[in-house]
Amino acid sequence: MTEQTAPVASSELDVQDVVKRAIELNDYSYLLEKVPYSQFIGMSVARFGDEMVFKLPAKDDNIGNPILPAIHGGVIAGFMEMSAIVQLMVFMQAKKVPKIVDFSIDYLRAGLHQDSFAECKITRQGRRVANVSINCWQTNRKQLIATARAHFLLD
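Because the structure is a prediction, the values reported are computed rather than measured.

Draft legend 1. Spatial organisation of the nonpolar core. Within the largest apolar cluster, 38 residues are counted, with the highest numbers of intra-cluster contacts made by L31, F54, F79, M80, V86 and I134. Of all the elements in the fold, those that place two or more residues in this core are α1 (2-25), α2 (29-33), β2 (51-56), α4 (73-92), β6 (116-125), β7 (129-137) and β8 (144-153). At 11 residues, the largest contribution of residues to this core is made by α4. Discounting chain neighbours no more than four positions away, the residues touching M80 are F103, I105, I134, N135, C136, A146, T147 and A148.

Below, the structure is given as structure tokens:
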């Protein structure tokens, strides 16, 4: 019975250690390296005080409409969801990865083949649930390409 519970405790400690290391070094690439999808889309993050800005680089593999060319909507949504998860993990110094309960996205304009950015705001954080709003833009923060709301189970 102890053999079955040991890996769970170990994985919880690993998440906490990865988050703690990222915060101490102010280098979140190590945290993102642990998530295959964030590596696939090329996601990165920079922290400026209490603000984190996430970056989705222009990458041919992320194109959904080659005629425009425009980023695939699923890539934009996945980028925004991952941004919210990382934001929660860092500011909560998480022991576990938050579980998505609900995600709602509004696409406002085409995400052209250029770098995209996202910022998250934790609008409510309780003991068990957190609400996060996410904005995504390309050249101007005031001209959003998408906005989203997400609810996460923390416990």
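Following the structure, the description resumes.
Draft legend 2. Representation of the side chain of S83 within the structure. Relative to the assigned elements, S83 resides in helix α4. Excluding residues within four positions of it along the chain, S83 makes contact with M43, F54, A118 and C120.

Draft legend 3. Spotlight on α4. The end-to-end C-alpha distance of α4 is 29 Å, a good match for the 28 Å that 20 residues give at a rise of 1.5 Å each. Of all 20 residues making up α4, 15 are buried, and the element is well covered by its neighbours.

Draft legend 4. Local environment of the environment of M52. Following the sequence through the fold, M52 ends up in strand β2. By relative accessible area, which is 1% here, M52 ends up buried. Separated by 68 residues in sequence, M52 and C120 have C-alpha atoms that sit 7.5 Å apart. Here M52 is in contact with Y28, V45, A46, R47, V86, Q87, V90, F91, A118 and E119, once residues within four sequence places are set aside.

Draft legend 5. Structural view of the packing of aromatic side chains. Here the structure, examined in full by the defined rule, presents one aromatic pair. Over the ring of Y30 we find R21; its NZ or CZ atom is 4.0 Å from the centre of that ring. The side chain of K59 reaches across the aromatic face of F40, ending 5.3 Å from its centre.

Draft legend 6. Structural detail: the sheet that holds strand β1 (residues 44-48). Across the sheet, which stays open at both edges, the six strands sit in the order β1-β2-β6-β7-β8-β5 with antiparallel pairing between neighbours. Two strands in the sheet have a free side with no partner beyond their single neighbour: β1 and β5 (99-107). Direction aside, neighbouring strands of the sheet carry axes that sit 25 degrees apart on average.

Draft legend 7. A look at the environment of Q114. By the secondary structure assignment, Q114 is in the loop between β5 and β6. Counting along the chain gives 58 residues from Q114 to L56, while the straight-line C-alpha distance between them is 8.6 Å. Once you skip the residues sitting within four places of it in the chain, Q114 turns out to touch L56, A58, I71, Q138 and T139. A polar side-chain atom of Q114 sits 3.5 Å from a polar atom in the side chain of Q138.

The rules behind the values
Residues numbered from 1 in each chain as written. Predicted model: local features only at pLDDT ≥ 70, side-chain atom pairs only at ≥ 80, totals over all residues. Heavy atoms only, no water. Core = buried A, V, L, I, M, F, W, Y, C linked by side-chain atoms within 4.5 Å. Buried < 20%, exposed > 50% of the residue type's maximum accessible area, 1.4 Å probe, protein only. Helix = DSSP H or I, 4+ residues; strand = E, 2+ residues; numbered from the N terminus. Contact = heavy atoms within 4.5 Å. Expected span 1.5 Å × (residues − 1). Phe/Tyr/Trp six-rings, centres within 6.5 Å; stacked < 30°, edge-to-face > 60°. Lys NZ or Arg CZ within 6 Å of the ring centre and 35° of its normal. Pairing = 2+ DSSP bridges. Axes fitted to C-alpha atoms, helices over the stretch in contact; angles between N-to-C directions. Polar contact = N/O pair within 3.5 Å; in protein donor to acceptor, adjacent residues only side chain to side chain.

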